[in-house]
Structures are given as structure tokens and as C-alpha cells.
Amino acid sequence: MFRVGLGYDVHKLTENRDLIIGGVKIPYEKGLLGHSDADVLIHAIMDALCGAAKLGDIGKLFPDTDPKYKGISSLLLLGSVKEELDKKGWKVVNIDSIIVAQRPKMRPYVDEMEKNIAEVLGIDVDMINVKATTEVELGFTGSGEGIASKAVCMIEK
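Here goes a summary of the coordinates provided. (Residues numbered from 1 in each chain as written. Predicted model: local features only at pLDDT ≥ 70, side-chain atom pairs only at ≥ 80, totals over all residues. Heavy atoms only, no water.)

1. Considering the environment of E112
Structurally, E112 can be placed in helix α4 (residues 110-121). Owing to a relative accessible area of 43%, E112 belongs among the partly exposed residues under this scheme. Between the alpha carbons of E112 and H43 there is a distance of 17 Å; along the sequence they are 69 residues apart. (Helix = DSSP H or I, 4+ residues; strand = E, 2+ residues; numbered from the N terminus. Buried < 20%, exposed > 50% of the residue type's maximum accessible area, 1.4 Å probe, protein only.)

Have a look at this one:
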């Protein structure tokens, strides 16, 4: 049996925060605002996996009202999602994702992002694809107000 999931996340850029995407700390003058480390890529991937496995969403699993998730690494949360998939007998087949940001450029960090994700999920890095694009200075991502990410996954039992 196969299932497909879709995930989306967006966070506002703000001063005095690290920019963490795909578990990589990216040098930039702003970071993403959020309860955890606000890693939009990992959040979109987790929501895709949760949707495919009918686990709800990351807000249900890791509520922002729970202080134990304050500042937590999203890679740790992804590990928890993997544990939930394992309990239900699901295995990740592949993930395709995209980061939408006007700046900074993501390409120099993509390989490390893919490696981080594959390592946490216990799958081959060839099963993870991360892309990046801009919105040509349109909308909130194009104006540099925030960064968004979308992901789709396939899981099998």
C-alpha cells in the first residue's frame, strides 16, 4: 500500500534569530520566527509525512503551547515523526520539496540539507530532493518578509 502526503509551512523573517533550514545554520542577517527553530523545510516535510500516515499535523503532535518544544531542533521533531511512522509500519519511499525565498541563496546548502533529512529518516539520500526558488520579488517571500516551503512524500507499508 502506498500513500502520498503534502506539506506546507511559512515563517516570518525577523532580527536576532538564527536561520535554520533543513537543519543547516545559514549565515544571514535574519532568522525565522517560531516556537521551535522555525525550520520551514523540515516543518513542510513533517506535515507531508503526517498527512500521508494520517497522523494529523505538526501542530497536533508538537503544539506551540507546549514549552518543551521551545527552541527545539526540528530535526529532533522529524525523528519523532519517523518513530510514529515506524509504529504504524510505514516506510518513506521519497520526498520532494521546495524552499521559496528571495534571499539568501539556498543552493550552497542543499546537499547538506538532503543529507540531514536522509540521516534522520534512515533512508538513502537519493530519496530526498530539495529545490529552491524565488518569487521574483513578488509576495511576502519575494519582498524578503518570510520564507516558505512545500513538500510532497510517498510512504509505503
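2. Considerations on the sheet that holds strand β1 (residues 2-14)
Taken together, 5 strands build an open sheet; the order of strands is β4-β1-β7-β5-β6 and the sheet is mixed. In this open sheet, the two edge strands, each paired with only one partner strand, are β4 (31-32) and β6 (128-133). Pairing geometry for β1 and β4, over 2 bridges, is antiparallel. Bridge assignment links L13 to a residue of β4, and that residue is L32. Contacts from α4 reach β5 (91-100) and β6 within the one sheet, and its direction differs from that of β6 by about 145°. (Pairing = 2+ DSSP bridges. Contact = heavy atoms within 4.5 Å. Axes fitted to C-alpha atoms, helices over the stretch in contact; angles between N-to-C directions.)

3. Here we look at the pattern of salt bridges
One pass over the full model with this rule turns up 6 salt bridges. Two residues, K25 and D18, come together in a salt bridge whose shortest N-O distance is 3.7 Å. D96 is paired through a salt bridge with K131; the nearest N and O atoms lie 2.6 Å apart. You can see D96 sitting in strand β5 and its partner K131 sitting in strand β6, a full 35 residues away along the chain. Its relative accessible area of 28% is what places D96 among the partly exposed residues. Residue class for K131 comes out partly exposed when judged on its relative accessible area of 33%. (Salt bridge = Lys/Arg side-chain N within 4 Å of Asp/Glu carboxyl O.)

4. Some words on the nonpolar core
Among the nonpolar cores identified, the biggest contains 46 residues, and I21, L49, I117 and I147 are the most heavily contacted of them. Elements represented by at least two residues in this core include exactly β2 (19-21), β3 (24-26), α1 (40-52), α3 (74-87), β5, α4, β6 and β7 (146-156). Among the elements that line this core, the one with the most residues is α1, at 10 residues. Setting aside anything within four residues of it in sequence, one finds I117 in contact with L41, I42, I45, L78, I95, I128 and V130. (Core = buried A, V, L, I, M, F, W, Y, C linked by side-chain atoms within 4.5 Å.)

5. Describing the pairing of β6
As paired elements, β5 and β6 share 6 bridges and run parallel to each other. Bridge pairing in β6 places D96 opposite N129. For the crossover that starts at β5, traverses α4 and ends in the parallel β6, the hand is right-handed. (Right-handed = clockwise from strand over helix to strand, strands pointing away.)

Fair warning: the whole summary comes from geometry, so function is off the table for now.
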